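# Coordinates in review
What follows is each chain in one-letter form.
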Amino acid sequence: MAPLEIVLEVVSKIRHLRNGETVDSMRRLGIVYPVSYGVSIPQLKEISIDYKGNHSLSLALYEQDIRECKILATMIDDPQQVSGEQIDEWSKHFKNIEIVEQTCSNLFWKADASLSRSIEWCLSDDPLLIKAGLIIAMRKATDPQVKDAAFEAYFDLVENLPNEQEFNYTGYAVGALRQIAYRSENLLAKTHATAIRLAESQSAIKAWIGNQLLFEFD
């Protein structure tokens, strides 16, 4: 079948699993999409099994203004075919934290172009892009094929993140630096030094990040 025909097939499966209560619950949490059927992530993973690696279908699904289609696109795409241009285009749809977490955790971090975007996003003033950048760093740090030097920039990046409370990136920053620290003794030492500086910061946000890291590694 052509991608459009499969999209219609997928949407039919999604609609069959619709859950209005979940949609209402997400809306109360501020997770809003143009169209959402409230299908759970485990259910979407089950649907995705039959379409794994279908890059053209993934592109077609992500074009839909439907929550479940976008999330499924991140589950089935082939990371080796994900270009920097695709990352840039899809990131324009980062409107809530769920789509950020699903897109970055399921797919983006596996793509070759992800670290350069991650650094760029951590330098932005967009809270969702900052979180996306930190998620990619955290997940990419688990890849032994990536050299340690690729993560050196994140110490300064975290120290220079915005101080405004509404950015609410603290847990993501801790997760990224924690995973980077696990890679080697050298990066652990640099994480520890960064944590000390953060803990001494006048910013309550930075101090919290530093103290969380010191609690784990001291």
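Higher on the page you've got the structure.
A brief look at the structure comes next. Treat the numbers as computed from the prediction; the structure is a model and nothing was measured.

Parameters and conventions
- Residues numbered from 1 in each chain as written.
- Predicted model: local features only at pLDDT ≥ 70, side-chain atom pairs only at ≥ 80, totals over all residues.
- Heavy atoms only, no water.
- Helix = DSSP H or I, 4+ residues; strand = E, 2+ residues; numbered from the N terminus.
- Rg over C-alpha atoms; globule rule 2.2 N^0.38 Å.
- Buried < 20%, exposed > 50% of the residue type's maximum accessible area, 1.4 Å probe, protein only.
- Contact = heavy atoms within 4.5 Å.
- Axes fitted to C-alpha atoms, helices over the stretch in contact; angles between N-to-C directions.
- Parallel < 35°, antiparallel > 145°, perpendicular 65-115°, else oblique.
- Left-handed = near helix turned anticlockwise from the far one by under 90°.
- Salt bridge = Lys/Arg side-chain N within 4 Å of Asp/Glu carboxyl O.

The next thing to look at is the overall build of the chain. Check the secondary structure of the chain and you find 13 helices and zero strands. Start at the N end of the chain and walk to the C end: the helices and strands fall as α-α-α-α-α-α-α-α-α-α-α-α-α. Relative to the globule expectation of 17 Å for 218 residues, the C-alpha radius of gyration of the chain, 19 Å, shows essentially globular dimensions. Overall size of the chain, expressed as C-alpha extent along the three principal axes, is 55 × 40 × 25 Å. Out of the 218 residues belonging to the chain, those deemed buried represent 50%. When contacts within the chain are restricted to residue pairs at least 6 apart in sequence, those whose partners lie at least 24 apart make up 70%.

Running from amino to carboxyl end, helix α7 (residues 97-106) crosses helix α9 (residues 127-140) at an angle of 30 degrees, the nearest separation of the two axes being 9 Å. As far as their axial angle goes, α9 and α7 are roughly parallel. In the crossing of α7 with α9, the sense of the turn from one axis to the other is right-handed. Counting all contacts with α7, which are made through I97, V100, E101, C104 and S105, the residues of α9 involved are L128, K131, A132, I135, I136 and R139.

A separate point is the pattern of salt bridges. Here the structure, examined in full by the defined rule, presents 10 salt bridges. A salt bridge links R117 to D88; the nearest nitrogen and oxygen atoms lie 3.0 Å apart. Of this pair, R117 sits in helix α8 (residues 114-122) while D88 sits in helix α6 (residues 84-91), placing them 29 residues apart in sequence. Look at R117 and you get buried, because its relative accessible area is 17%. Among the ionic pairs, R178 bridges to E216, the shortest N-O distance being 2.8 Å. In this pair, R178 is assigned in helix α11 (residues 170-181) and E216 in helix α13 (residues 204-217), connecting sequence segments 38 residues apart. Relative accessible area serves as the criterion here: at 30%, E216 is assigned to the partly exposed category.

Everything listed here is a matter of coordinates, which is why it stays silent on function.
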